[in-house]
Amino acid sequence: MQPAIEADNLVKNFGRQRAVDGVSLTVPRGAVYGVLGPNGAGKTTTVRMLATLLRPDGGSARVFGHDVVAEPTAVRSLVGVTGQYASVDEDLTATENLVVFSRLLGLGRAESRRRANDLLEEFALTEAASKPLKNFSGGMRRRLDLAASLISTPPLLFLDEPTTGLDPRTRVQMWDTIRRLVSEGTTVLLTTQYLDEADQLCDRIAVIDRGRVIADGTADSLKASVGTSTMTLVIADPGRTEEARVLVSTRLGLDASAATGSGRVTAPMKDASATPDILISLRDIGIDVAEITVAKPSLDEVFMSITGRPDSAAATSEENAA
């Protein structure tokens, strides 16, 4: 089946600054595709080119087979976009904003009103439906902006850092909404700086830094590229820590580490299925384990390994360049 997005070597310059430097992406239909990177990495500029809001200076891109430069009208009929900043009207009420957007998308008066009410309920804005947006908090504006992008339920939805500024409860609600949309057939391209968000939602992730894709894969494959899982044991009798360390090292064929007398033993693991055998071996020699954890590398560690700096490190903002 033809991918939802095929981008090949996209380039965008702002004066002398190259914001996007040869980005290539293939986004399958019916998936959540994450684009992960720090501020200024090129995420927003890439989305704007794919959504026909910016013309590429090089490369090509197709959305459901339609060229974003040659067929922009066809592409726009297939996509919805939520940018980083609310596009709603501050002087209108929440209901009025959604009705205006619905009418612009061709819905009738009654259908526009019904759709507005449904979305206000889904985003917990019913009680504020008749209030002008100038009285809304930043989080409420964000939720309304997201609701507006879902009026037509497009087959492809661009969400550019959709949960920035949302409280934890609303953020989780947004995740549930994204999952529902995908289950109903919508493809989502999601940019985010939240590593846990990418881990929770994305079927595949592209890591962009300095305008280039520097890694691409599932969350698990990206984590595997950093290294093995890590097992940590807390021994009930700290006096037997060294004895436990030697046994774990022998069973795994890898060097475990331990702080003498601490009761804590840490070891890399190529195969987490070896964990039960280690616990049985410790029990056989009378060493009780108070606590055990086996963890894969986190996406934070992936980002650090790939880019050489934490995700919070920011480059020059691409939005300022635009």
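Source: prediction; values computed, not measured.

Spatial strand order, β6-β7-β8-β3-β9-β10: six strands in an open sheet with mixed pairing. Since the sheet does not close on itself, it has two edges, and those belong to β6 (79-82) and β10 (212-217), each with one partner. On average, adjacent strands in this sheet sit at an angle of 15 degrees to one another, irrespective of strand direction. Here four bridges tie β6 to strand β7 (residues 156-160), and the two strands are oriented parallel to one another. Counterpart to G80 in the pairing with β7 is L157. Its contacts with the sheet place helix α1 (residues 43-50) against β3 (32-36), β7, β8 (187-192) and β9 (204-209), and it is angled at close to 155 degrees to β8. Packing of helix α5 (residues 138-149) onto the sheet brings it into contact with β6 and β7, and relative to β6 it is tilted by some 175 degrees.

Evaluated as defined, the whole model comprises 17 salt bridges. A salt bridge links E90 to R141; its shortest N-O distance comes to 2.8 Å. Separated by 51 residues along the polypeptide, E90 in the loop between β6 and α3 (94-104) and R141 in helix α5 bring together distant segments of the chain. Given a relative accessible area of 19%, R141 falls into the buried group. With a closest N to O distance of 3.0 Å, E243 and R240 form a salt bridge. Here the salt bridges do not stand alone but share partners, grouping R18, D21 and R212 into one network.

Further remarks concern the packing of aromatic side chains. The full count for this structure, using the stated rule, is zero aromatic pairs. Over the face of the ring belonging to Y194 we find R171, whose NZ or CZ atom lies 4.2 Å from the ring centre.

Now for the nonpolar core. In terms of nonpolar packing, the biggest core is built from 43 residues, with V32, L98, F123, L144, L159, V188 and I205 touching the most fellow members. A total of five residues in this core trace back to one element, the largest contributor, which is helix α6 (residues 168-183). For L98, the contacting residues outside a window of four places in its chain are A116, L119, L120, L144, A147, A148 and I151. Core analysis: the second largest hydrophobic core is formed by 30 residues, A4, F14, V27 and I208 among them.

On to the packing of α3 against helix α4 (residues 109-122). Contact geometry for α3 and α4: axes closest at 8 Å, N-to-C directions at 130 degrees. Of the possible angle classes, the one that applies to α3 and α4 is oblique. In this structure, α3 crosses over α4, and the sense of that crossing is right-handed. Within the contact between the two elements, α3 uses A94, T95, L98, V99, S102 and R103 and α4 uses R109, S112, R113, R115, A116, L119 and L120.

A separate point is unusual backbone geometry. A positive phi angle is found at A124, which is not glycine, with a value near 55 degrees. Following the sequence through the fold, A124 ends up in the loop between α4 and α5. For A124, a relative accessible area of 42% corresponds to the partly exposed category. Residue T153 is not a glycine yet carries a positive backbone phi of 45 degrees. Inspection of the secondary structure assignment puts T153 in the loop between α5 and β7. According to the relative accessible area criterion, T153 is partly exposed, its value standing at 36%.

Rules used in this analysis
Residues numbered from 1 in each chain as written. Predicted model: local features only at pLDDT ≥ 70, side-chain atom pairs only at ≥ 80, totals over all residues. Heavy atoms only, no water. Pairing = 2+ DSSP bridges. Helix = DSSP H or I, 4+ residues; strand = E, 2+ residues; numbered from the N terminus. Axes fitted to C-alpha atoms, helices over the stretch in contact; angles between N-to-C directions. Contact = heavy atoms within 4.5 Å. Salt bridge = Lys/Arg side-chain N within 4 Å of Asp/Glu carboxyl O. Buried < 20%, exposed > 50% of the residue type's maximum accessible area, 1.4 Å probe, protein only. Phe/Tyr/Trp six-rings, centres within 6.5 Å; stacked < 30°, edge-to-face > 60°. Lys NZ or Arg CZ within 6 Å of the ring centre and 35° of its normal. Core = buried A, V, L, I, M, F, W, Y, C linked by side-chain atoms within 4.5 Å. Parallel < 35°, antiparallel > 145°, perpendicular 65-115°, else oblique. Left-handed = near helix turned anticlockwise from the far one by under 90°.

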